[in-house]
Amino acid sequence: MVWDVGANAGLYTQKFRDSLEAGGHVVAFEPSPRNGEALSEKFRGDGRVSVQVCALSDQPGQMFFEAATDGDGTRDHIVEYDTGLKVEVITADILVFERGIPSPDFVKIDVEGYELHVLNGMKRILQE
């Protein structure tokens, strides 16, 4: 099980998927509604990839999201001020221990400076 946290356009999601052994799976996490929709379309019908349109953090809820003006999504990020766009935020621990998503064997995290929040939201996973 591979988690691609901050999947953006799915470049690494694709690479991970292509290197999976039989029975392997990739979960792509992407908070951007635009990128999440594109990822869902890209991997529609692919049983080896699941897309979660949400951000991982240390607390569940909603946060403001800012999309960079360059449009490629590589600098989109969670912010603490009102941008008019809210996204769902969840912890990895909740996903695994309450919602039944399998725990990852490998995690790639690229979330524009928000990495520590993601790691703090997966303390139990990392301990176990």
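Quick note: structure is the one above.
Bear in mind the structure is a predicted one, so any value in this text is a computation, not a measurement.

## Regarding the packing of aromatic side chains
- Following the criterion strictly, the structure yields three aromatic pairs and no others.
- Centre to centre, the rings of phenylalanine 16 and phenylalanine 106 are 5.6 Å apart; their planes meet at 65°, and the pair counts as edge-to-face. You can see phenylalanine 16 sitting in helix α1 (residues 11–18) and its partner phenylalanine 106 sitting in strand β8 (residues 106–109), a full 90 residues away along the chain.
- On the basis of relative accessible area, phenylalanine 16 is assigned to the buried category, the value being 15%.

## Here we look at the pattern of salt bridges
- Under the definition given, this model contains seven salt bridges.
- Here arginine 17 and aspartate 46 are joined by a salt bridge, their closest N and O atoms 2.5 Å apart. On the criterion of sequence distance, the pair formed by arginine 17 in helix α1 and aspartate 46 in the loop between α2 (33–42) and β3 (49–52) is long-range, its members being 29 residues apart. Taken individually, arginine 17 and aspartate 46 each receive the classification buried, so the pair is uniform in this respect.
- Between glutamate 41 and arginine 44 there is a salt bridge; the shortest N-O distance is 2.8 Å. Neither residue differs from the other here; glutamate 41 and arginine 44 are each classed as exposed.
- Members of the salt-bridge network, linked through shared partners, are Arg17, Asp18, Asp46 and Arg48.

## Side note on α1
- Among all positions of α1, only Thr13, Phe16 and Arg17 are buried. When α1 is viewed along its axis, its buried side chains cluster within an angular range of 100° and face the same direction.
- On its buried face, α1 is in contact with β1 (2–5), β2 (26–29), β3 and β8.

Thresholds, definitions, all that
- Residues numbered from 1 in each chain as written.
- Predicted model: local features only at pLDDT ≥ 70, side-chain atom pairs only at ≥ 80, totals over all residues.
- Heavy atoms only, no water.
- Phe/Tyr/Trp six-rings, centres within 6.5 Å; stacked < 30°, edge-to-face > 60°.
- Helix = DSSP H or I, 4+ residues; strand = E, 2+ residues; numbered from the N terminus.
- Buried < 20%, exposed > 50% of the residue type's maximum accessible area, 1.4 Å probe, protein only.
- Salt bridge = Lys/Arg side-chain N within 4 Å of Asp/Glu carboxyl O.
- Arc of directions from axis to C-beta.
- Contact = heavy atoms within 4.5 Å.

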